[in-house]
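# Structural overview
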Amino acid sequence: MHTVNDQNRAGLERVIEYALERIEMSSPPLDRCETPEALQRRAPHAITPQGIGVDAVLTEFVDVLAPACLSTDHPRYLSFIPAAPTKTSLAFDLVVSASSMCASSWLEASGVVHAENEALRWLADLAGLPAGAGGCFVSGGSAGNLSALAVARQHGRSRALDGRRLRVAVGETAHSSIASVLNLLDMDAFIVPNSGDRLTGTALSEAINADPDRASIVAVAAAAGATNTGMIDDLAGIAAVAAESDLWMHVDGAYGAAALAAPSVRELFNGIELADSFIVDPHKWLFAPFDCCALIYRQPALASAVHAQHAGYLDAIHDSTEWNPTDYAFHLSRRARGLPFWFSLAVHGTDAYRDAIEASISLARSAAEVIEVTPYLDLVMQPQLSVVLFTRHGWEPNDYTCWSDKLLMDQRGFCLPTRWKGETVGRFVFINPRTTIEDVRDLIDSLGDPA
Ligand SMILES: *Cc1c(COP(=O)(O)O)cnc(C)c1O
């Protein structure tokens, strides 16, 4: 099984052939979620002492398992945050897998680190971070937030608070991963009420000044594109408060910070250039395959002081002063997960990325206009980025769920509702440049069908 020969070559080629077919699909099936019983019945035991061979296992994957997974790149997959990897990035992901590179350190993978750092630099430049900024690619926004806030915690510890719990200021609409990360890091969230659907510097400063234990608030985690609404926190106002109160400023742009590349909304991010750390997920709106989050620090040395691992057998990677991605996050072995993003960016050029991101923003605006003139719908707020929230007249929470279930059953779309200010509302998220206004009109028509 570690050599390619006349017996196994054809099987391997069929696996690669299938990957190619999937990459080439212009319109993948949406597919569906199956019950555990159905999967147990149709895919009972693949793993046996003798092995059942490529054909049998591949058939089970293609016929049973793959159709039981939603295609996040389907143009009508508008739930959570969808994915829309470029064909180039997908093809190159196969190369990354085939190349057995461990991208932890410069010593092991200098070529990869050089290329990944070029992609990180493009993002840092979009944000306006200084030349010394840098970081690494991690698996996702949750992992990025964890590693960044671990460094923020270290910053806070310098205050010598006699063992008091440290706190991190967040807006009401901070991503769920922030609460999870704070729990892991043994810190508490200091939740500041939104004003005008986002966290502002004024609200932050008022809340801090009213707090009896201000010193224990050591950081702020701002959202640059709340996942639920797409609203961007008042980064410039927050940065001013952070400077005044010596807070570590982290910007969670996992979904939205891709729009730094979109001139039509760039000014909404003003202030991001003052962040101490920031993340954006290329696997979301930067068209890379799962899983990929760019994590960037203003002063990377503060991060390596927290995250670099030391052991006798690792000394060699620290002998040189070159860049080691492992030093900037909680990880050691590492897939070269920034490389498909880098490759596609280099192939297509950054203008193509700008245009593809602008397309989703303009689609969101058009969708909002259609919703506003549709008699049975109300727009919840004007979209800032590419999330559109709406309500359907006369619907109870269960009606939204039934509508969404039926859409998926009919393979017409995947549009889960969400909750906003205690109410169930409809939600569309656009990041796929192949989603059209006709798709949106059809989904809006389906909302007019009797529940
Ligand atoms: C998606 C998202 C995350 C979590 O990222 P994962 O890659 O899913 O771990 C964090 N913050 C925001 C704002 C997000 O949209």
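Look a little higher up for the structure.
Just so it is clear, the structure is predicted and the values come from calculations on it, not from any experiment.

### Quick look at the site of the ligand
Neighbouring the ligand are 14 residues, the closest being Gly141, Thr227, Asp252, Asp281 and Lys284. Thr227 is positioned such that a nitrogen or oxygen atom in its side chain is 2.7 Å from an oxygen atom of the ligand. For the ligand, an oxygen atom lies 2.7 Å from a polar atom in the side chain of Asp281. A molecule is said to occupy a pocket when more than half its atoms come within 2 Å of that pocket's grid points, and by this definition the ligand occupies the second largest pocket. Mapped by element, the contributors of at least two residues to the shell around the ligand are helix H6 (141-157) and helix H10 (282-285). Among the residues forming the shell around the ligand, the class breakdown is two nonpolar, nine polar and three charged.

### What to know about the packing of aromatic side chains
One pass over the structure, following the stated rule, counts 17 aromatic pairs. Arranged with centres 3.9 Å apart and planes meeting at 10 degrees, the rings of Phe92 and Phe343 form a pair that is stacked. Of this pair, Phe92 sits in helix H4 (residues 87-98) while Phe343 sits in helix H13 (residues 339-348), placing them 251 residues apart in sequence. Residue Phe92 is classed as buried on the basis of its relative accessible area, which comes to 14%. The exposure class of Phe343 is partly exposed, given its relative accessible area of 27%. Each residue in the set Phe390, Trp395, Tyr400, Trp403, Phe428 and Phe430 is aromatic and connected to the rest through ring pairs, giving one cluster.

### Digging into H4
The terminal C-alpha atoms of H4, which comprises twelve residues, lie 17 Å apart, in line with the 16 Å expected from a rise of 1.5 Å per residue. Tucked inside the fold, the buried residues of H4 contact H13. Where H4 terminates, the next one or two residues include Ser100, which has phi positive at roughly 45 degrees.

### Details of the sheet that holds strand E6 (residues 277-280)
On the basis of which strands lie adjacent, the open sheet formed by seven strands has the order E1-E7-E6-E5-E4-E2-E3 and mixed pairing. The open sheet has two edge strands with one neighbour each: strand E1 (134-138) and strand E3 (188-192). With strand direction ignored, the average angle separating the axes of adjacent strands in the sheet is 20 degrees. Across five bridges, strand E2 (residues 167-171) lies against E3 in parallel orientation. Note that in E3 the partner of Ala169 across the bridge is Phe190.

### Things to note about the environment of Leu339
Considering the arrangement of structural elements, one finds Leu339 in helix H13. C-alpha of Leu339 to C-alpha of Pro263: the two residues are 76 residues apart in sequence and 25 Å apart in space. Those residues in contact with Leu339 that sit more than four places away from it in its chain are Phe92, Val96, Met101, Val112, Ala115 and Glu116.

### Thoughts on the sheet that holds strand E10 (residues 418-420)
If you trace the four strands from one edge of the open sheet to the other, you get E8-E9-E11-E10, paired in antiparallel fashion. Strands at the two margins of the open sheet, each flanked by one partner only, are strand E8 (377-379) and E10. Each strand axis lies, on average, 45 degrees off the axis of its neighbour in the sheet, ignoring direction. Running at roughly 135 degrees to E8, helix H14 (residues 350-373) makes contact with E8 and strand E9 (387-392) of the sheet. Of the strands in this sheet, E9 and strand E11 (423-429) are in contact with helix H15 (residues 397-409), which crosses E11 at around 30 degrees.

### Concerning the state of the cysteines
For the structure on display, the rule yields zero disulfides. Cys33 forms no disulfide, and the closest cysteine sulfur to it belongs to Cys69, at a distance of 9.0 Å. On the basis of relative accessible area, Cys33 is assigned to the exposed category, the value being 64%. Overall, Cys69 belongs to the partly exposed group, its relative accessible area being 43%.

Criteria and cut-off values
Residues numbered from 1 in each chain as written. Predicted model: local features only at pLDDT ≥ 70, side-chain atom pairs only at ≥ 80, totals over all residues. Heavy atoms only, no water. Near = heavy atom within 4 Å. Polar contact = N/O pair within 3.5 Å; in protein donor to acceptor, adjacent residues only side chain to side chain. 1 Å grid on protein atoms, 1.4 Å probe; cavity = no way out; pocket = protein on both sides within 12 Å on 5 of 7 lines; lining within 4 Å. Sits in = over half its atoms within 2 Å of the grid points. Helix = DSSP H or I, 4+ residues; strand = E, 2+ residues; numbered from the N terminus. Nonpolar A, V, L, I, M, F, W, Y, C, P; charged D, E, K, R; others polar. Phe/Tyr/Trp six-rings, centres within 6.5 Å; stacked < 30°, edge-to-face > 60°. Buried < 20%, exposed > 50% of the residue type's maximum accessible area, 1.4 Å probe, protein only. Expected span 1.5 Å × (residues − 1). Contact = heavy atoms within 4.5 Å. Pairing = 2+ DSSP bridges. Axes fitted to C-alpha atoms, helices over the stretch in contact; angles between N-to-C directions. Disulfide = S-S within 2.5 Å.

So far we have only geometry, and geometry alone does not tell us how the molecule works.
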